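# Structural overview
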Amino acid sequence: MVKSMGNLKRVEKKMAQIERTVHVERKNRNVDETGNVTRESPASTQTSGKNKGSHGTDGMSVKDLRRHLVEHWDAIRHALEEGTYEPCPVRRVEIPKPNGGVRLLGIPTVTDRFIQQAIAQVLTPIFDPSFSEHSYGFRPGRRGHDAVKKAKQYIQEGYTWVVDIDLEKFFDRVNHDKLMGILAKRIPDKILLKLIRKYLQAGS
């Protein structure tokens, strides 16, 4: 069990980092001709900015995120702390598969992607060490190429079988109640758990 105060302090530290940068940007108002704040933003904003994906249901682009946070962060932060923040519904798009059919993809708004990234930065060090050493998907510092390299290593060691396991449509079918129960065993912060459930529902 992760101690409540320890987990809360990590969340508060991440939020304080964001807030300090937002206040500095408000004071300096270094805004370029496109309306973007030119001063360097916190790590989670930079990570969100690297995502060149499509916009969400609100139509806001990645390049407008920093300006939006400068103008609205106080209200967003208050709603997050009070547990009243409501994520926007995801935008549904269909991605053609190479072998036919389509893959349904849910695209959150850039603001929600920013918040999700901040949450992930706090929770990943808690949960990632408990994952299997043979798991490579959606983990920091790991990718599919690493799994292929490991498979080649096994072949060189004399093994003749490599098993690739994937759960079809896992994110569409995962039981939210069971998932939240697993998270609650390590996350005593009820407001954070409530927000995570809201994100699950927004994407379903």
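To be clear, the structure that these remarks concern was listed above.
This structure is a prediction, so every number in the text was calculated from the model and none was measured.

Turning next to a positive patch on the surface. The grouping of Lys97, Arg103, Lys169 and Arg173 at the surface amounts to a positive patch. Its location among the elements puts lysine 169 in the loop between helix H5 (144–156) and helix H6 (170–173).

Time to look at unusual backbone geometry. Positive phi outside glycine occurs at phenylalanine 138, with the angle close to 55°. By the secondary structure assignment, phenylalanine 138 is in the loop between helix H4 (110–127) and H5. Judged by its relative accessible area of 81%, phenylalanine 138 is exposed.

Turning our attention to the pairing of strand E1 (residues 91–96). Where E1 lies against strand E2 (residues 102–107), six bridges are found, and the strand directions are antiparallel. By the bridge assignment, arginine 91 is partnered in E2 with isoleucine 107. In this antiparallel pair of consecutive strands, E1 and E2, the connection spans five residues, and glycine 100 shows a positive phi of 100°.

We now examine the side chain of aspartate 128. Inspection of the secondary structure puts aspartate 128 in the loop between H4 and H5. Among residues more than four places away in sequence, those in contact with aspartate 128 are Arg139 and Pro140.

Looking at the secondary structure, you find leucine 105 in strand E2. Along the sequence, leucine 105 and glycine 203 sit 98 residues apart, while their C-alpha atoms lie 9.3 Å from each other. Leucine 105 has contacts with Arg91, Arg92, Val93 and Ile95, leaving out every residue within four places of it along the chain.

What counts and what doesn't
- Residues numbered from 1 in each chain as written.
- Predicted model: local features only at pLDDT ≥ 70, side-chain atom pairs only at ≥ 80, totals over all residues.
- Heavy atoms only, no water.
- Patch = residues over 30% accessible without salt bridge, like charges linked within 9 Å, V, L, I, M, F, W, Y side chains within 5 Å.
- Areas by Shrake-Rupley, 256 points an atom, 1.4 Å probe, with all protein chains shown as cover.
- Salt bridge = Lys/Arg side-chain N within 4 Å of Asp/Glu carboxyl O.
- Lys, Arg positive; Asp, Glu negative; His and termini not counted.
- Charge placed at Lys NZ, Arg CZ, Asp CG, Glu CD.
- Helix = DSSP H or I, 4+ residues; strand = E, 2+ residues; numbered from the N terminus.
- Buried < 20%, exposed > 50% of the residue type's maximum accessible area, 1.4 Å probe, protein only.
- Pairing = 2+ DSSP bridges.
- Contact = heavy atoms within 4.5 Å.

Everything listed here is a matter of coordinates, which is why it stays silent on function.
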